[in-house]
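These are the residues of each chain, in order.
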Amino acid sequence: AQKVTQAQTEISVVEKEDVTLDCVYETRDTTYYLFWYKQPPSGELVFLIRRNSFDEQNEISGRYSWNFQKSTSSFNFTITASQVVDSAVYFCALSEGAAGGFKTIFGAGTRLFVKA
Amino acid sequence: DAGVIQSPRHEVTEMGQEVTLRCKPISGHNSLFWYRQTMMRGLELLIYFNNNVPIDDSGMPEDRFSAKMPNASFSTLKIQPSEPRDSAVYFCASTMTALNTEAFFGQGTRLTVV
C-alpha cells in the first residue's frame, strides 16, 4: 500500500542550527516520484522539489538539501543554517501510478519552529 | 495564469447545513485532487479526477461527502449534512496527468461547522 510517514510532528530549533526532516515511504511500484512541499503560516502549499525513483543523487539548493535512499525508503530534507523564515509545516509526498492516472498522497507533515 | 482558485476562502455554517466548496483548476491541467487538512490527520486525499472522471474516492470519509467535476474548469465538493468534525481546511490541487508533475494548490477553504 502507498504510505508516507513523517514521524516528527514538531521540531523546534534555534536560528542557524541545521535541521533534518525525515520522510519514509512505502510503495509497491518501481516507478514513483517523491516531493517536498512547504506550507508557511499563510497557509498555501509551495512545491520545493521532486525526485524520481531512479535517481538517487542527492540534491542541494542553497541551504536546502535532500537525501534519497531507496535502500531505506527514505527521502530526508535538511535545512542548513536555519532561519526564522523557514518556520512552516513541511510535507513529504509520494506519487505513483494508479488506475486511470496517478495518485499523490502526503505525509502528516512536520511543523518546524525556528526561533531567533 | 491565476493559479488554482478556490471559493469561498472561509465558510462558517451550522451543523446539518449543506456546504459546497468550489474549485477552478489551472487551465490545461487534467487531473484534480481534493484534500482535507486537519491537525490530527494532516493532509488527506479525499478524491481525485482525471479528465473530469472520478478515479479514486476511497478517501471520502462518508456518504455525506460528494464531489463532482462537470467540466475541465470546475469542481465541487459537497458535504450534506455537515457536522462539526468536518471542520478543516479543504484544498484543491491540479496538475497535468503525469507521474512527475507537482501539484499546484489553491489557497484552501477553511470550513468551520458549529
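Coordinates for the structure precede this section.
Residues numbered from 1 in each chain as written. Chains lettered and ligands numbered in written order. Predicted model: local features only at pLDDT ≥ 70, side-chain atom pairs only at ≥ 80, totals over all residues. Heavy atoms only, no water.

Description of the side chain of Gln 8 of chain A
Within the element layout of this structure, Gln 8 of chain A appears in the loop between strand 1 (3-5) and strand 2 (10-14). Among the polar contacts listed, one links the side chain of Gln 8 of chain A to the backbone oxygen of Thr 20 of chain A, at a separation of 3.2 Å. (Helix = DSSP H or I, 4+ residues; strand = E, 2+ residues; numbered from the N terminus. Polar contact = N/O pair within 3.5 Å; in protein donor to acceptor, adjacent residues only side chain to side chain.)

Concerning the pattern of salt bridges
With the rule as written, the count across this model stands at 13 salt bridges over all chains. Residue Arg 50 of chain A pairs with Glu 102 of chain B through a salt bridge whose shortest N-O separation is 2.1 Å. Residue Arg 50 of chain A is located in strand 6 (residues 46-52), and its partner Glu 102 of chain B is located in the loop between strand 9 (88-95) and strand 10 (104-105); the two belong to separate chains. Put simply, Arg 85 of chain B and Glu 62 of chain B hold a salt bridge, and the shortest N to O gap is 2.8 Å. One end of the pair, Arg 85 of chain B, is in the loop between strand 8 (74-79) and strand 9; the other, Glu 62 of chain B, is in the loop between strand 6 (53-56) and strand 7 (65-71), with 23 residues separating them in the sequence. One connected set of salt bridges, linked through shared partners, spans Glu 62, Arg 64, Glu 83, Arg 85 and Asp 86 of chain B. (Salt bridge = Lys/Arg side-chain N within 4 Å of Asp/Glu carboxyl O.)

Section: the environment of Asn 67 of chain A
All names here are of chain A. With respect to the secondary-structure elements, Asn 67 resides in strand 8 (residues 64-69). Among the residues examined, Asn 67 registers a relative accessible area of 29% and is labelled partly exposed. Considering only alpha carbons, one finds Asn 67 and Thr 20, 47 residues apart in sequence, at a separation of 9.9 Å. Among all residues touching Asn 67, those that are not within four sequence positions of it are Asn 58, Ser 74, Phe 75 and Asn 76. (Buried < 20%, exposed > 50% of the residue type's maximum accessible area, 1.4 Å probe, protein only. Contact = heavy atoms within 4.5 Å.)

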